[in-house]
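Each chain is listed here by its residues.
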Amino acid sequence: MGKRKSTAEEKMISKDEMDVDGEENGSEEEEDDASIINIDFEWFDPRPEIDFHGLKMLLRQLFDVDNDLFDLSELTDLILAQPTLGSTVKCEGEESDPYAFLTVLNMHHHREKPVMKQLSDYLLSKASPSETLRHQLRDLLSPDSQAQVGLILTERFINMPSEIVPPMYNMMRSEIAAAVEDKEPYEFTHYLLISKTYTEVASKLDAEDDRPQKKNKKATDAAPETFYFHPEDEALHRFAMGVCNYDYEKVSGEGASDAKRTFQELGVKPQGHLILIEGKRFEEAVKGLGEYLGGDAVA
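- The name given to the protein in an unreviewed UniProt entry is Protein BCP1, with the source organism recorded as Hortaea werneckii EXF-2000.
- The annotation that UniProt attaches to the protein under Subcellular location (unreviewed entry) is "Nucleus".
- Its UniProt record gives the protein the following Function (unreviewed entry) comment, quoted word for word: "Involved in nuclear export, actin cytoskeleton organization and vesicular transport."

## Considerations on the pairing of strand 5 (residues 87–90)
Turning to step 1, where the next piece is worked out: In strand 5, alternate side chains face the same way, and those of Ser87 and Val89 on one face and Thr88 and Lys90 on the other are all buried.
Turning to step 2, where the next piece is worked out: As paired strands, strand 4 (residues 42–44) and strand 5 are joined by three bridges and run antiparallel to one another. Opposite glutamate 42, over in strand 5, you have lysine 90 as the bridge partner.

## Considering helix 3 (residues 72–80)
Turning to step 1, where the next piece is worked out: Most of helix 3 sits inside the fold, with seven of its nine residues counted as buried.
Turning to step 2, where the next piece is worked out: Listed as buried for helix 3 are Leu72, Glu74, Leu75, Thr76, Leu78, Ile79 and Leu80.
Turning to step 3, where the next piece is worked out: Packing partners of the buried residues in helix 3 comprise helix 2 (48–63), strand 6 (100–106), helix 4 (114–126) and strand 7 (149–156).
Turning to step 4, where the next piece is worked out: For helix 3, the N-terminal capping position is held by aspartate 71, with its side-chain oxygen 3.2 Å away from the main-chain nitrogen of serine 73.

## A short note on the nonpolar core
Turning to step 1, where the next piece is worked out: Formed by 36 residues in total, the largest nonpolar core has its most connected members in Leu59, Phe63, Leu75, Leu151, Leu153, Leu192 and Leu274.
Turning to step 2, where the next piece is worked out: Not counting chain neighbours up to four residues away, the residues in contact with leucine 274 comprise Leu123, Ala127, Leu133, Leu137, Leu192, Leu193, Ile194, Gly242, Val243, Cys244 and Tyr246.

## Focus on the side chain of threonine 103
Turning to step 1, where the next piece is worked out: Topologically, threonine 103 is positioned in strand 6.
Turning to step 2, where the next piece is worked out: Within the structure, threonine 103 has its side chain in polar contact with the side chain of glutamine 82 (distance 3.3 Å).
Turning to step 3, where the next piece is worked out: If near-sequence neighbours (up to four positions away) are discounted, threonine 103 is found in contact with Ile79, Gln82, Leu85, Gly86, Leu151, Ile152, Leu153 and Met172.

## Describing helix 6 (residues 165–181)
Turning to step 1, where the next piece is worked out: Its 17 residues place the ends of helix 6 25 Å apart at the C-alpha level, agreeing with the 24 Å of an ideal helix rising 1.5 Å per residue.
Turning to step 2, where the next piece is worked out: When we look at burial in helix 6, the residues that qualify are Val165, Pro166, Pro167, Met168, Tyr169, Asn170, Met171, Met172, Glu175, Ile176 and Ala179.
Turning to step 3, where the next piece is worked out: Taken from the residues just after helix 6, lysine 183 is the one with a positive phi, measuring 65°.

Cut-offs applied
- Residues numbered from 1 in each chain as written.
- Predicted model: local features only at pLDDT ≥ 70, side-chain atom pairs only at ≥ 80, totals over all residues.
- Heavy atoms only, no water.
- UniProt positions renumbered as here; feature names shortened; annotations may be inferred.
- Buried < 20%, exposed > 50% of the residue type's maximum accessible area, 1.4 Å probe, protein only.
- Helix = DSSP H or I, 4+ residues; strand = E, 2+ residues; numbered from the N terminus.
- Pairing = 2+ DSSP bridges.
- Contact = heavy atoms within 4.5 Å.
- Polar contact = N/O pair within 3.5 Å; in protein donor to acceptor, adjacent residues only side chain to side chain.
- Core = buried A, V, L, I, M, F, W, Y, C linked by side-chain atoms within 4.5 Å.
- Expected span 1.5 Å × (residues − 1).

Below, the structure is given as structure tokens:
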């Protein structure tokens, strides 16, 4: 049975940040207070009998339109096969589905697994926008390489506050240290993080409707600005050997960028994102991430 890791201190969150069901009441004073709610975030070890479907759903979200290029069931099983490493975050008790997760897999140790071969080939092909990163990964992931690359997988619901992230990384860092002491294969020479970014693109709907109020914001020939689904990625860049954005293999259907926008004038085009960090800088990177985002470590 998985252990409950910790409970965050009760956190005040506005409904704009986290939309959860609440009981209706007729009191005007209570309605005024309804804009602020209390949320308890709890960290748990991954449990195969509970978390398979929730983790697979979050992996599908992480890989976006390219998710069916991988055997996500096998990938989920690999995550659940190491229940004392990594965390899930839940709000409704251990038996509920995770709202977020973080884990790390040894790419060398699992190199013969079909899903790890799929991921390795995919990541090597997607690192091409950065020549430096592509050569680094090619050397690290080659069959005769002795590098121990930890593949960091993490995803969360889009309305989860970023303050949950530092505790997850701090717990994982401690778990890796304990596993290394027990001679388990987690003494990583490098860490490779898969994440997501996005750029804004001109809206097809606005162009078709020719809405006057939208005309003041048009696409230009300048390189589009990159935005981060996970703000911690910007902090991790400071400690990285290499980073790159990449386009997904599959092309989204027409209008997909409009479907992803939320109260914005421009559409959203997601991209994959890779961050490579040397193992000797990982502890420093976790500390920097915590300073950047705030949120205390959870023992």
